[in-house]
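What the coordinates show
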Amino acid sequence: MRMKDAQSKAEILVEALPWIRDFSGDTIVIKYGGHAMVDDELRSAFATDVAFLRHVGLRPVVVHGGGPQIDAMLDRLDIAPNFRAGLRVTDEATMEVVRMVLTGKVQRELVSLINADAPYAVGLSGEDAGMLKARPRVAEADGETIDLGRVGDIAAVDPTQISQLLDAGRIPVVSTVASDIEGTGVLNINADTAAAAIAAALGARKLLMLTDVEGIYADYPNPDSLITRMSAAQLRALTPSLAAGMVPKAQAALDAVSQGVRSVHIIDGRMAHAMLLEIFTDEGIGTLIHAGGPEGPTPARKGATS
């Protein structure tokens, strides 16, 4: 039995070799979120995987949000959520908590976890040196214009700092707080949107998005309807029928591939080592979105043209 287990592990390593060779030197952006952020074992596995990617020659960039941690801190501070027409409004007090939790707590914990392997990770805020610039978001609801407060949409990305860190062999860990392009302070940015914009600005090969489902379903929540591979055109046609929580991820994926990212992978962050399974095995897991035609590039699921 021990010999069979050893042989099985060797076969996995052999299967990974072509993908390690193919992706070596490539930049990949990882949007870290969902259950993987709040489960201690998954957090540890994620940090190990990021270090592994660095050790085998990839250039990982981690972009994170922190919704559950922000909500927990708001509750502790007795700051009630503010809604208008069903939409959450981020006022100044809430924004201070967002800033504190994302950059001062979530990011520092993740940097420490990655650096337990080797001192590679460096924390950055989107505010730093104007990396992320955004403009305030205004929404429409029930015919009314809603000012969402300190919530923003990306206006510009300056990837210089991230590129310099990657060239130095570091792992950038980016919190999604941006400078207001109008000079009025800072704005909270959706992490999916920020990750897509950063991936495009870096010319990343891949964008990986961790979520709490297996991928994109043609008929959610039927597990048999999981789509393993689809083109941007197919995703665009399917988006109106997606579950509400998947829509921002789908739009971020479309934005990324339209701006030159070669593939986006939506994977289940509830599974330990999901990133390694997606990147370094022939079958992969989750859903891969590519910019090709309806049939997509062939022959391999993650092939050299993906």
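Residues numbered from 1 in each chain as written. Predicted model: local features only at pLDDT ≥ 70, side-chain atom pairs only at ≥ 80, totals over all residues. Heavy atoms only, no water.

When helices and strands are counted, the protein shows nine helices and 16 strands. Taking 19 Å as the expected radius of gyration for a compact globule of 306 residues, we find that the protein reaches 19 Å, a close match to that expectation. Considered along the principal axes of its C-alpha atoms, the protein spans approximately 60 × 45 × 35 Å. Of all 306 residues assigned to the protein, the portion counted as buried reaches 49%. Nonlocal contacts in the protein, meaning residues at least 24 apart in sequence, comprise 71% of its contacts between residues at least 6 apart. Carbon and sulfur atoms make up 53% of the accessible area of the protein, which amounts to about 14,000 Å² in all. The distance from the centre of the 28 positive side-chain charges to the centre of the 39 negative ones in the protein is 6 Å. (Helix = DSSP H or I, 4+ residues; strand = E, 2+ residues; numbered from the N terminus. Rg over C-alpha atoms; globule rule 2.2 N^0.38 Å. Buried < 20%, exposed > 50% of the residue type's maximum accessible area, 1.4 Å probe, protein only. Contact = heavy atoms within 4.5 Å. Areas by Shrake-Rupley, 256 points an atom, 1.4 Å probe, with all protein chains shown as cover. Lys, Arg positive; Asp, Glu negative; His and termini not counted. Charge placed at Lys NZ, Arg CZ, Asp CG, Glu CD.)

Membership of the largest hydrophobic core comes to 43 residues, with the highest contact counts inside it found for V29, I162, L207, I216 and L235. Beyond its immediate sequence surroundings of up to four residues, L235 is in contact with I216, M230, L242, A250, A253, L254 and I289. Formed by 42 residues, the second largest nonpolar core is a distinct cluster that contains W19, I30, F46 and F280. (Core = buried A, V, L, I, M, F, W, Y, C linked by side-chain atoms within 4.5 Å.)

A few words now on helix α3 (residues 67-76). When α3 is considered as a whole, its buried residues turn out to be Q69, I70, M73 and L74. One side of α3 carries all its buried residues, which in axial view fall inside an arc of 135°. Relative to its buried face, α3 has exposed residues pointing more than 90 degrees away, namely D75 and R76. Where α3 ends, the next residue or the one after it, D78, has phi of about 60°, a positive value. (Arc of directions from axis to C-beta.)

Let us look at the sheet that holds strand β11 (residues 206-211). Across the sheet, which stays open at both edges, the eight strands sit in the order β5-β8-β2-β1-β11-β15-β16-β14 with mixed pairing between neighbours. Of all the strands in the sheet, just β5 (121-125) and β14 (229-231) have a single pairing partner and so form its edges. Within the sheet, the average angular offset between the axes of one strand and its neighbour, ignoring direction, is 20°. Helix-sheet contacts for helix α8 (residues 247-258) involve β1 (27-32), β11, β15 (263-268) and β16 (287-290), and the interaxial angle to β11 is about 175°. (Pairing = 2+ DSSP bridges. Axes fitted to C-alpha atoms, helices over the stretch in contact; angles between N-to-C directions.)

On to the packing of α3 against helix α4 (residues 92-115), then. Their axes nearest at 9 Å, the elements α3 and α4 cross at an angle of 125°. By the angle between their axes, α3 is oblique relative to α4. Handedness of the α3/α4 crossing: right-handed. On α4, the residues touching Q69, I70, M73 and L74 of α3 are T94, V97, V98, M100, V101, L102 and V106. For the contact of α3 with α4, a count of residues per class yields nine nonpolar, two polar and no charged. (Parallel < 35°, antiparallel > 145°, perpendicular 65-115°, else oblique. Left-handed = near helix turned anticlockwise from the far one by under 90°. Nonpolar A, V, L, I, M, F, W, Y, C, P; charged D, E, K, R; others polar.)

Given two aromatic rings, their pairing is described by the distance between the two centres and the angle made by the two planes. Applying the stated criterion across every chain yields a total of four aromatic pairs. Seen from the ring of Y120, R54 lies directly overhead, with NZ or CZ sitting 4.1 Å from the centre. (Phe/Tyr/Trp six-rings, centres within 6.5 Å; stacked < 30°, edge-to-face > 60°. Lys NZ or Arg CZ within 6 Å of the ring centre and 35° of its normal.)

We now examine empty space enclosed by the protein. The final tally for this structure, using the stated rule, is two cavities of 30 Å³ or more. In this structure, the largest cavity spans a volume of roughly 70 Å³. Every residue lining the largest cavity is listed: A36, L42, A45, F46, D49, L210, G269, M271, A272, H273, A274 and M275. Listing elements by their share of the lining of the largest cavity, those giving two or more residues are α2 (40-55) and α9 (274-280). (1 Å grid on protein atoms, 1.4 Å probe; cavity = no way out; pocket = protein on both sides within 12 Å on 5 of 7 lines; lining within 4 Å. Points joined across faces, edges and corners; volume = space filled by probe spheres on them.)

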